[in-house]
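Structural description and commentary
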Amino acid sequence: MLINYRLLLASRPVGIPGPENFTTDAIPARPPGAGEVLLETIYLSVDPAMRSWMSEGTGYQQGIPPGEVMRGGGIARVLESRSENFSDGDLVQARLGWQSHPTIAGRYLQKLDLALGTVEDWIGPLGLSAVTAYFGLRDIGQLRPGDRVLVSAAAGGVGQIAVQIARIEGCRVVGIAGGPEKCAFVAGELGAEAAIDYKAETNLSDAIARACPEGVDLYFDNVGGPTLDAALEHLRENARVVLCGRISQTHAAEPYGVRNLNRLAAAHGRMQGFLVFHYHDRYDEARAWLAARRRDGSLRQKLHVLEGLDQAPIGLGMLFRGENTGKLVVRLPERP
Ligand SMILES: NC(=O)c1ccc[n+]([C@@H]2O[C@H](COP(=O)([O-])OP(=O)(O)OC[C@H]3O[C@@H](n4cnc5c(N)ncnc54)[C@H](OP(=O)(O)O)[C@@H]3O)[C@@H](O)[C@H]2O)c1
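In short, a report on the structure. (Residues numbered from 1 in each chain as written. Predicted model: local features only at pLDDT ≥ 70, side-chain atom pairs only at ≥ 80, totals over all residues. Heavy atoms only, no water.)

1. Here's the deal with the sheet that holds strand β12 (residues 235–243)
Hydrogen bonds between backbone atoms are what pair the strands of a sheet, whose relative direction is either parallel or antiparallel. The six strands lie next to each other as β10-β9-β8-β11-β12-β13, forming an open sheet whose pairing is parallel. Strands at the two margins of the open sheet, each flanked by one partner only, are β10 (194–197) and β13 (270–273). Averaged over all neighbouring strand pairs, the angle between strand axes comes to 15 degrees, with direction disregarded. As defined by bridge partners, strand β9 (residues 172–177) adjoins β10 across four bridges and the pair is classed as parallel. Its bridge partner lying in β10, I176 is registered against I196. Relative to the sheet, helix α3 (residues 128–140) contacts β11 (216–221), β12 and β13, its axis offset from that of β11 by approximately 145 degrees. Contacts between helix α5 (residues 180–187) and the sheet are confined to β9 and β10, with β10 contributing the most and set at about 165 degrees to the helix. (Pairing = 2+ DSSP bridges. Helix = DSSP H or I, 4+ residues; strand = E, 2+ residues; numbered from the N terminus. Axes fitted to C-alpha atoms, helices over the stretch in contact; angles between N-to-C directions. Contact = heavy atoms within 4.5 Å.)

Below you can see the structure in the form of structure tokens.
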């Protein structure tokens, strides 16, 4: 009998989430009904936003009720289809949940176009983290060749793509990341002109001044808090600040009050947030651009792969401790 292994939300986390917030169960996989598809999960994406889904509903989506399967997106193979749109063996992406063999209505699945990239490309540089970087830089940030671009959490899933898009578009890019290995990755493999190890700096603003002596035209903010304040001090005329995420504030007891908004006004700058889901209708555009850069070799990716469903809760905690380099994913073993 085919078993569906599942991770259920057991408790709402206090602080960084971990295995203690989940229970595992194993139930018979449900045969597909009319219009449904039985799937075998291959990859699950692990994302900081999942932390907010584990709460009561303070984020941009309803909180997951305790006892339910943890919400999450990923890539799967079709094992059995009762949808006319899918055949056995098709590769799809969907909101699978943290489970090995979900049964999902065909209308919620998107077939992977393998002409655009491999399965690993679809969970990485064609996945939502990469699409986030694309729209954040281009639509919100109005990226222009020659811009001096600063990216925080530059060695992470979104950050690694943001650094490279800006570089490919002819910008001078500086990344901020935690630790010498991540900085070597940002300045080496990703091709940034410099990388700032914020954990080694006593004054981040001074470090930005040294790395960006002419100032910053576009700050792509994945972190929020004092890092945002430090970046605001270096804005050039007509600068753009892209509020992509504020991971440093996820577990803050008190919301951080940004102090340097006067610098935004002085620079005649603009600061705007966004959610990638607002661009749903244009994902294909982003993926076509990203796939072309994969093909010509200019866009690299680093996947940080954890093996096995039980690693997903550990992986989620790793994001908040800075223990991942590149896009964090969980790979599930193939069915024997
Ligand atoms: N707007 C959207 O639609 C959208 C979509 C996807 C993601 N996001 C946001 O984009 C950001 C990056 O997401 P991701 O999936 O690519 O994660 P990620 O960057 O792969 O992983 C998170 C990274 O954040 C850094 N970090 C963690 N805690 C920190 C702290 N207290 N201070 C400074 N840095 C900290 C760590 O890197 P270091 O070791 O370098 O500190 C860690 O590796 C997140 O803020 C996320 O919420 C937004």
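2. Description of the environment of H101
Along the polypeptide, H101 turns up in the loop between β5 (91–94) and β6 (103–105). For H101, a relative accessible area of 8% translates into the label buried. The spatial distance from the C-alpha of H101 to the C-alpha of L39 is 5.3 Å, given a sequence separation of 62 residues. (Buried < 20%, exposed > 50% of the residue type's maximum accessible area, 1.4 Å probe, protein only.)

3. Regarding helix α6 (residues 204–211)
Along an α-helix, residues three or four apart share an orientation, since each turn contains 3.6 residues. Residues of α6 that are buried include every one of L204, S205, A207, I208 and A211, and no others. All buried residues of α6 fall inside an arc of 160 degrees around its axis, so they share one side. Looking at the buried side of α6, the elements it contacts are β8 (148–151), β9, β10, β11 and α7 (225–232). The opening residue of α6, the one whose side-chain oxygen lies 3.0 Å from the backbone nitrogen of S205, is N203. (Arc of directions from axis to C-beta. Polar contact = N/O pair within 3.5 Å; in protein donor to acceptor, adjacent residues only side chain to side chain.)

4. Some details on the site of the ligand
Of all residues adjacent to the ligand, which total 25 residues, the nearest are V158, K182, Y198, V276 and N324. In this structure, V158 approaches the ligand through a main-chain N or O atom, which is 2.7 Å from an oxygen atom. Alone, the ligand offers 920 Å² of accessible surface; in the complex the protein occludes 87% of this. Contributing elements (two or more residues each) for the shell around the ligand: α4 (157–168) and α10 (312–321). The residue inventory of the shell around the ligand, partitioned by class, reads 13 nonpolar, ten polar and two charged. (Near = heavy atom within 4 Å. Areas by Shrake-Rupley, 256 points an atom, 1.4 Å probe, with all protein chains shown as cover. Nonpolar A, V, L, I, M, F, W, Y, C, P; charged D, E, K, R; others polar.)

Remember that the coordinates give geometry; whether it matters functionally is a separate question.
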